[in-house]
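Spelled out from the first residue to the last, the chains are:
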Amino acid sequence: MNEIIKNIEAAQMKAEAPEFNVGDTVRVHGKIKEGNRERIQVFEGVVLKKQGGSNRETFTVRKNSNGIGVEKTWPLHSPNVERVEVIRRGKVRRAKLNYLRQRVGKAAKVKELVK
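Residues numbered from 1 in each chain as written. Predicted model: local features only at pLDDT ≥ 70, side-chain atom pairs only at ≥ 80, totals over all residues. Heavy atoms only, no water.

- Under an unreviewed UniProt entry, the name given to the chain is Large ribosomal subunit protein bL19, and the source organism is Blautia hansenii DSM 20583.
- One UniProt comment on the chain, placed under Sequence similarities (unreviewed entry), says "Belongs to the bacterial ribosomal protein bL19 family."
- In the Function (unreviewed entry) part of its UniProt record, the chain is described as follows: "This protein is located at the 30S-50S ribosomal subunit interface and may play a role in the structure and function of the aminoacyl-tRNA binding site." (UniProt positions renumbered as here; feature names shortened; annotations may be inferred.)

**Overview of the packing of aromatic side chains**
Thought 1: All chains considered together, the criterion is met by two aromatic pairs.
Thought 2: Relative to Phe59, the ring of Phe20 lies with its centre 4.9 Å away and its plane at 70°, an arrangement referred to as edge-to-face. Taken as a pair, Phe20 in the loop between helix 1 (2-12) and strand 1 (25-34) and Phe59 in strand 3 (residues 58-65) lie far apart in primary sequence, 39 residues in all. Across the pair, Phe59 and Phe20 agree in class, each one buried. (Phe/Tyr/Trp six-rings, centres within 6.5 Å; stacked < 30°, edge-to-face > 60°. Helix = DSSP H or I, 4+ residues; strand = E, 2+ residues; numbered from the N terminus. Buried < 20%, exposed > 50% of the residue type's maximum accessible area, 1.4 Å probe, protein only.)

**Here we look at the nonpolar core**
Thought 1: The biggest cluster of nonpolar side chains holds 11 residues, and these are Phe20, Val26, Val28, Phe43, Val47, Phe59, Val61, Trp74, Leu76, Val81 and Val84.
Thought 2: Every residue in contact with Val26, bar those within four places of it in the chain, is listed here: Phe20, Phe43, Glu44, Gly45, Val47, Val61, Val84, Glu85, Val86 and Ile87. (Core = buried A, V, L, I, M, F, W, Y, C linked by side-chain atoms within 4.5 Å. Contact = heavy atoms within 4.5 Å.)

**As for the side chain of Asn55**
Thought 1: Along the chain, the position of Asn55 falls in the loop between strand 2 (37-51) and strand 3.
Thought 2: At a separation of 2.5 Å, a polar atom in the side chain of Asn55 contacts the side chain of Gln12.
Thought 3: Not counting residues up to four positions away in its chain, the partners in contact with Asn55 are Glu9, Gln12, Met13 and His77. (Polar contact = N/O pair within 3.5 Å; in protein donor to acceptor, adjacent residues only side chain to side chain.)

Below, the structure is given as structure tokens:
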């Protein structure tokens, strides 16, 4: 039974999953369905967390829109996620950046990773 589930999950995975980590600033191109039309909407922000594994893996992106924090959780292998662009790499020391929710302005910034 376990082998059947693994085969189904492997078929649902994307061939090229985007490479990004927590703390990176990303631009997510998501498909939005409005009536009978479909368009792509861009959501740009900092990756707060990545969780799950296999085809169930999700990531949460937070942005500031008109002074209000907006968070969106995206399934990594979803067909509704067109692509994920990494704009800048962040230097963080933890896996979940929940503390950014209480920060405002410059305090909510993540240092950039310089290689």
